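Chains, contacts and geometry: an overview
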Amino acid sequence: MIRREMKLKSIPKEMFDETKRLEEIAGVIRKHNIVKNGLTPENLRHILEDLGPTFIKIGQIMSSRTDVLPKEYCEELELLRAEVKPLEIDVVKKEIETELGKPINELFKSIDEKPLGCASIAQVHAAILPDGRKVVIKVQRPYVADMMMKDFGLLSKAAKMAKITPANQTIDFDMVVQELKEVSINELDFRIEAEATMEFAHNMEGINYVACPIIEKEYTTQRVMTMSFVDGFSIGNLEKIDANGYDRKEIATKLVNNFLKQVLDDGMFHADPHQGNLEILNGKIIWLDWGMVGRLGKKEQNILKTAITAVVQKDVNLMKNAVLSLGKPKKEINHPELFNDIDNIMDRYCSMDLEDLNIGELLGEVVELASYHGISLPQGFSMLVRALVTIEGVVTKLNVDVNMAELFSGKVMNDMLEEFDLKKELVSDTRAVYESAKKSLSLPALSSDMIKSVIKGQTKINIEPVGFEPLMKRVENLVSDMILCIIMASLIVSSSLICTTNMQPQILGIPALGFGGFVVALGMGIYLIIKLNKRNK
């Protein structure tokens, strides 16, 4: 996908005053008293609601980023709802003309004045092209992208001023702002959504049971997107599904299999597959609204397959390797604790029958586990977890006996069989046997040398303790304090001996050298007390 630069407009002063907006943000922060009490999930939601539609949209986007925010924050942000007043049709037409560079009557035969839907970023209208084709136009609200980008800058400033830290959490707030900005750009630039839609259409060539809207490239820009009109009905409308003679189980199976193809084969998947974005038309599942897309590279796809295989085969070590391979550690990992936590997860899920296993919940726990241990997961992985949970919800609503875990594991096993090359495996195994045999010939000589070294006392064994860092730190502090106490005691004893003499010069009738020793010992004692108090806190 080609990343184009997003052009911003100059916002009129009366619409956006930076100083006033910064004061407004700071005022909302003070109102909720988060500097003193911390940023709780509820506080965060109320703050975003008070700051208006652009911040509400930011919160809605972040509700899927469990790799950036803790789970309880994401769940709270899912409650955000924006009540947006529809734009006047004249404003909509003016935006279209500005973006497409032609009068509205040359571009379209007609446009419905009543919008099909309204949101904080854009609203949608049905229209008819000059050749008679019915289309849908997605029009961005005036200055919404420009104001959001300015709000990101102000939000970063406000965070530094207020030193915002969520309660009992350690979060790099500047990193969160940058992540938000990046994800928001993908939704604010309609060219990115159009390209994702066309990429999906290309990936699905030859599959006759799925489709997506057709993008009208000549009528699509950064702020306006035009696509074919889909006159279907929601996949959640069970009455229409039954009335049209569709098989619910077949729909659910095809939906899940197609989503797994997106994830495991194509590496690009719909990250918000709720009922409103899935319609049924002429026997096909139509995937709508490609504004939120997740991506996985080949490495992540293979690791995901490994994780699923680990669960199916109940292989704890394989799951450990998958978790460690998937992310990048942001801090030193306590391996014994990590392995113990993975064991606990595997104990619970491996004891289940495959039909009872919830893949979304399992991967969600893996994300939480990785976050707790400071392992940064790829952005696409957390979006995948959210999408899996959403897809499972759609399947549940269809009220059929279709288990996603079975389909997932079946897909993984089939892929492994297809990728299996007997000739290549035989060559590889033969080479491995040859290398092992070759090395085994030198084992007697190596064993003899090792025994001789042990007898002569020349053998050294290097042991790297894992998980003992806190204990070692305490020992170091204890030794340091003991040395300080010994020096302090020595100063007191030696100064006391000096005080029994008439050594000159004297201070307050005490030899100056002894007096100095007492002062230094006193200073060391005060320092030690302060140090111990700080450590105990």
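In what follows, the accompanying structure is described.

What counts, and where the lines are drawn
Residues numbered from 1 in each chain as written. Predicted model: local features only at pLDDT ≥ 70, side-chain atom pairs only at ≥ 80, totals over all residues. Heavy atoms only, no water. Helix = DSSP H or I, 4+ residues; strand = E, 2+ residues; numbered from the N terminus. Buried < 20%, exposed > 50% of the residue type's maximum accessible area, 1.4 Å probe, protein only. Contact = heavy atoms within 4.5 Å. Areas by Shrake-Rupley, 256 points an atom, 1.4 Å probe, with all protein chains shown as cover. Core = buried A, V, L, I, M, F, W, Y, C linked by side-chain atoms within 4.5 Å. Lys, Arg positive; Asp, Glu negative; His and termini not counted. Salt bridge = Lys/Arg side-chain N within 4 Å of Asp/Glu carboxyl O. Polar contact = N/O pair within 3.5 Å; in protein donor to acceptor, adjacent residues only side chain to side chain. Patch = residues over 30% accessible without salt bridge, like charges linked within 9 Å, V, L, I, M, F, W, Y side chains within 5 Å. Charge placed at Lys NZ, Arg CZ, Asp CG, Glu CD.

The subject of this paragraph is the overall build of the protein. Scanning the protein for helices and strands turns up 22 helices and 15 strands. Within the protein, buried positions represent 42% of all 537 residues. Residue pairs in contact within the protein that sit at least 24 positions apart in sequence constitute 68% of those at least 6 positions apart. When the accessible area of the protein is evaluated, it comes to approximately 29900 Å², of which 55% is carbon and sulfur surface.

Attention now goes to the nonpolar core. Among the nonpolar cores identified, the biggest contains 70 residues, and Phe259, Phe269, Trp287, Leu304 and Phe408 are the most heavily contacted of them. Sort the elements by how many residues they give to this core and helix 17 (residues 379–397) lands first, with 9 residues. Counting 38 residues, the second largest nonpolar core, distinct from the first, contains Ile29, Leu44, Ile58 and Met227.

This brings us to the side chain of Glu300. Locating Glu300 in the fold gives a position in helix 13 (residues 298–313). Although Glu300 lies buried, it forms no salt bridge, and the closest oppositely charged side chain, Lys299, sits 5.5 Å away as judged by the N-O distance. One polar contact links the side chain of Glu300 to the main-chain amide nitrogen of Gly297, over a distance of 2.9 Å. Residues in contact with Glu300, not counting those within four places in the same chain, are Leu326 and Pro378.

A few words on a negative patch on the surface. Among the surface-exposed residues, Glu88, Asp90, Asp112 and Glu113 lie close enough to one another that they form a single negatively charged patch. By secondary structure assignment, the location of Glu113 is in the loop between strand 1 (110–111) and strand 2 (117–118). What makes Glu113 exposed here is its relative accessible area of 55%.

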